[in-house]
Amino acid sequence: MQYVFFDIECASVNKTTAKICAFGYVVCDEQFNIIKKEDILINPRGGFHLTDRNGSKGLVLPYSYSEFKKYPPFKERYPFIKSLLEDKDTVVLGHSILNDVKYLNLETRRFKLPSFDFRFYDSQLMFMSYTGDFTRQSGLEHIAVNLGVEFTPHRAVDDAYATMRVVEAICRAENCTFDELVKLYGLSRGRIKNYSMYSPTSSGVKAYHRRVSDEKRERSKKRVEFFNYVSRKKPKRGARYSGKIFSFSRAIEDDVECAKRLCDEIYAQGGRYSHHLSDSNYYVCAPDDNTQRTVNARNMSQIVITDIEGLRKILNESAV
């Protein structure tokens, strides 16, 4: 069994095209001894329009762009790439690999070529499992620094090489082979077939998504409980804050018992509660709350911003 790590660079990417200009790969054995390492340059048949993930900042690839016209287009490189990735005795890996698989998919459609059909693992998932942090998707550069791997970013073959060294470093840190790492992290391969793509995953990622889903469902349940409580309340007539409307941050709303007590005090002083900032005269949040709802409240001139202690001072002063 041998491993193929690959990475792709594109001259431009949009929703319907990905003009591949470089396919870098490293073939190694099960001990991560390199068998072959190559950077295949490709004529993208189009100009270079390089952006970051957000599509805003230009990237610079470590190649001379004028040289690409000398190389064959993707349809001529396709037979070799296809045979390399579809070899039944090969395990295919990459970093954030679904993006690169998408590029291959778009290019086969662009040149009206048969779909790729292979399975693949993702080193990004391995690193997330290694750190136990599933809240962020770390880039190859960050991971390489973390694990002490040196390389030249955005040169396809060097990215493929760095990915190999990252996986090797994780295996070394876990004191196991790659096959043992797959079992340890509960890794499942993704796949491309018939132009359809399926994401790789891991037991840790699945557990994280279940936890996030459960937490979201619990927050929703608490919010409904609080909304129902507020809808049944009546403000005290003639009190000082009659006609005044109060809103809370989401964090306070989610602390249902605290939110209920605050509403009891507000309604006792004639005020009312609203979930809509546009209706509100007072907004209650923690001093260090920088969520979007709180930022929006701070930008509304008609709203007085205060914390829980400040709210109680306001209400107590009115009772004197």
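Below is a summary of the structure that appears in this document. (Residues numbered from 1 in each chain as written. Predicted model: local features only at pLDDT ≥ 70, side-chain atom pairs only at ≥ 80, totals over all residues. Heavy atoms only, no water.)

1. Thoughts on the overall build of the protein chain
In terms of regular secondary structure, the protein chain is built from eleven helices and eleven strands. In terms of overall size, the protein chain is more extended than a compact globule, its C-alpha atoms giving a radius of gyration of 28 Å where 320 residues would be expected to give roughly 20 Å. Burial status across the protein chain gives 46% buried among its 320 residues. In the protein chain, of all internal contacts separated by at least 6 residues, the share reaching a separation of at least 24 is 66%. Accessible area for the protein chain stands at about 17,000 Å²; split by element, carbon and sulfur atoms hold 47% of it. For the protein chain, the distance from the average site of its 50 positive side-chain charges to the average site of its 41 negative ones is 8 Å. (Helix = DSSP H or I, 4+ residues; strand = E, 2+ residues; numbered from the N terminus. Rg over C-alpha atoms; globule rule 2.2 N^0.38 Å. Buried < 20%, exposed > 50% of the residue type's maximum accessible area, 1.4 Å probe, protein only. Contact = heavy atoms within 4.5 Å. Areas by Shrake-Rupley, 256 points an atom, 1.4 Å probe, with all protein chains shown as cover. Lys, Arg positive; Asp, Glu negative; His and termini not counted. Charge placed at Lys NZ, Arg CZ, Asp CG, Glu CD.)

2. Some details on the sheet that holds strand S10 (residues 282-284)
Strand pairing in a sheet relies on backbone hydrogen bonds, with the paired strands running either antiparallel or parallel. Spatially, four strands are ordered S9-S8-S10-S11 in an open sheet, and the strand pairing comes out parallel. If you trace the sheet from one side to the other, it starts and ends with strand S9 (272-273) and strand S11 (304-306), each paired once. Both strand S8 (residues 245-248) and S10 contribute to a ladder of three bridges, which runs parallel. When the sheet's bridge partners are listed, phenylalanine 246 is paired in S10 with tyrosine 282. Lying over the sheet, helix H9 (residues 256-268) contacts S8 and S9, oriented at roughly 170° with respect to S8. (Pairing = 2+ DSSP bridges. Axes fitted to C-alpha atoms, helices over the stretch in contact; angles between N-to-C directions.)

3. Quick word on helix H1 (residues 74-85)
When we look at burial in H1, the residues that qualify are Phe74, Tyr78, Ile81, Lys82, Leu84 and Leu85. Down the axis of H1, the buried side of the element spans an arc of 155°, and every buried residue falls inside it. Structurally, H1 contributes buried residues whose contacts are with strand S1 (2-13), strand S2 (18-28), strand S4 (90-94), helix H2 (97-110) and strand S5 (118-122). (Arc of directions from axis to C-beta.)

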